[in-house]
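Overview (structure and organization)
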Amino acid sequence: MDKTILPNTFQIKKRILTKNITPGKRFFDEPYVKEGDVEYLEINPGQSKLIAAMVKGCKQFGIHEDSKILYLGASHGYTPSHVSSMISSGWLFCVEFAPVVTRDLVFLCEERKNMIPILADANKPDEYKDRITEVDVVFQDIAQRNQVEIFLKNLQFLKKGGFGLLALKARSVDVVKNPKVIFKEVRKELEKHVTLVDYRELAPFQKDHAFFVVKN
Ligand SMILES: C[S@@+](CC[C@H](N)C(=O)[O-])C[C@H]1O[C@@H](n2cnc3c(N)ncnc32)[C@H](O)[C@@H]1O
């Protein structure tokens, strides 16, 4: 098992696994590997843009074992649950605005003590600004037309030197425009505000998606 650049995350051939902080409890029925009492859960780059970016060669995420992370677009918690294993001594603020999926997320957060569910619209950070702290990383995976605007608004929570990670779905920004043109426009827009330190297109794992890493 080889280490990867993400904490508590390993690789066996093409399989990526995180060290489960709740051994014996697998919330998404993931394939797993056991070594004594330690359990590793497989995370699929086809379902996780963070892992797709890593497999595509992204060199920095700014995620450490004790990181505080604001995760926008947490959904049922698939990638967030693995991120919570990565940051076993950190905190993960999980923002999601769809009530039905947030119900699942709340059950997950009851088991994973470093995850905090927040039912709110990421487009309105004032709604949750009093419920979170300054963070080391802002991660966003939200398929909205104004994804970039939402991301930039939420960088207000990022500490100096922190990292912003944006998984961008081109088809949500504009359904007809060539995704590569959108990626270029987004790069330009981000560079007006922050320093772009890495960029990957996520195909074949995530069609028409790109991943941007910025530093504050
Ligand atoms: C692609 S899914 C996220 C998948 C998740 N990141 C993962 O890897 O397991 C996008 C989620 O963003 C949520 N979302 C979309 N717009 C949002 C907004 N403005 N505020 C909060 N959540 C939003 C959707 O309800 C959906 O659950």
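Note that the structure is a prediction, hence the values are computed from the model and not measured. (Residues numbered from 1 in each chain as written. Predicted model: local features only at pLDDT ≥ 70, side-chain atom pairs only at ≥ 80, totals over all residues. Heavy atoms only, no water.)

So, the overall build of the chain
A count of helices and strands for the chain gives 6 helices and 12 strands. Over its C-alpha atoms the chain spans a radius of gyration of 16 Å, differing by no more than 12% from the 17 Å that the globule rule assigns to 216 residues. Viewed in the frame of its principal axes, the chain has a C-alpha envelope of about 50 × 40 × 35 Å. For the chain, with 216 residues in total, the buried portion stands at 51%. Considering only residue pairs separated by 6 or more positions, the chain has 58% of its internal contacts joining residues 24 or more positions apart. Just so you have it, the chain exposes about 10,500 Å², and 50% of that area is on carbon and sulfur atoms. Positive and negative side-chain charges of the chain, numbering 33 and 28 respectively, have mean locations separated by a distance of 5 Å. (Helix = DSSP H or I, 4+ residues; strand = E, 2+ residues; numbered from the N terminus. Rg over C-alpha atoms; globule rule 2.2 N^0.38 Å. Buried < 20%, exposed > 50% of the residue type's maximum accessible area, 1.4 Å probe, protein only. Contact = heavy atoms within 4.5 Å. Areas by Shrake-Rupley, 256 points an atom, 1.4 Å probe, with all protein chains shown as cover. Lys, Arg positive; Asp, Glu negative; His and termini not counted. Charge placed at Lys NZ, Arg CZ, Asp CG, Glu CD.)

With respect to the nonpolar core
Among the nonpolar cores identified, the biggest contains 32 residues, and L50, F61, I63, L165 and F211 are the most heavily contacted of them. At the level of secondary structure, the elements contributing two or more residues to this core comprise α1 (49-55), β6 (68-72), α2 (78-86), β7 (91-96), α3 (99-111), β9 (135-141), β10 (158-169) and β12 (209-215). If you tally residues by element for this core, the top one is α1, at 5 residues. V148, L158, L168 and A170 belong to the second-largest nonpolar core, a separate cluster that totals 31 residues. (Core = buried A, V, L, I, M, F, W, Y, C linked by side-chain atoms within 4.5 Å.)

Remarks on the site of the ligand
Taken together, 17 residues surround the ligand, and among them Y71, T79, E96, D121 and D141 come closest. In this structure, an oxygen atom belonging to the ligand sits 2.6 Å away from a side-chain N or O atom of T79. Residue D141 places a side-chain N or O atom 2.8 Å away from a nitrogen atom belonging to the ligand. Per-element accounting of the shell around the ligand gives the leading share, 3 residues, to α2. In terms of residue class, the shell around the ligand is made up of 8 nonpolar, 5 polar and 4 charged. (Near = heavy atom within 4 Å. Polar contact = N/O pair within 3.5 Å; in protein donor to acceptor, adjacent residues only side chain to side chain. Nonpolar A, V, L, I, M, F, W, Y, C, P; charged D, E, K, R; others polar.)

Remarks on the side chain of D174
Structurally, the position occupied by D174 is in the loop between α5 (170-173) and α6 (179-191). Despite its burial, D174 pairs with no opposite charge, the nearest such side chain being K177 at 4.8 Å. Within the structure, D174 has its side chain in polar contact with the backbone nitrogen of V176 (distance 3.0 Å). Those residues in contact with D174 that lie beyond four places of it in its chain are R145 and I182. (Salt bridge = Lys/Arg side-chain N within 4 Å of Asp/Glu carboxyl O.)

Section: α6
Along its 13 residues, α6 runs 18 Å from first to last C-alpha, staying within 8% of the 18 Å computed at 1.5 Å per residue. Considered for burial, the residues of α6 that qualify are P179, I182, F183, V186 and L190. With its buried residues spanning 100 degrees around the axis, α6 presents them on a single face. Across from the buried face of α6, at angles greater than 90 degrees, the exposed residues are K180, K184 and K188. Residues of α6 that are buried in the fold lie against α4 (147-154), β10, α5, β11 (195-201) and β12. The residue sitting at the N-terminus of α6 and contributing the capping side-chain oxygen is N178; that oxygen lies 2.9 Å from the backbone nitrogen of K180. (Expected span 1.5 Å × (residues − 1). Arc of directions from axis to C-beta.)

A closer look at the sheet that holds strand β5 (residues 38-42)
Pairing in this open sheet of 5 strands is antiparallel, and the strands run β1-β2-β3-β5-β4 from one edge to the other. Looking at the sheet topology across the chains shown, the edges are occupied by β1 (2-3) and β4 (32-35). Pairing geometry for β1 and strand β2 (residues 9-12), over 2 bridges, is antiparallel. Opposite D2, over in β2, you have Q11 as the bridge partner. Contacting β2, β3 (15-19) and β5, α2 crosses the sheet at an angle of about 60 degrees to β3. (Pairing = 2+ DSSP bridges. Axes fitted to C-alpha atoms, helices over the stretch in contact; angles between N-to-C directions.)

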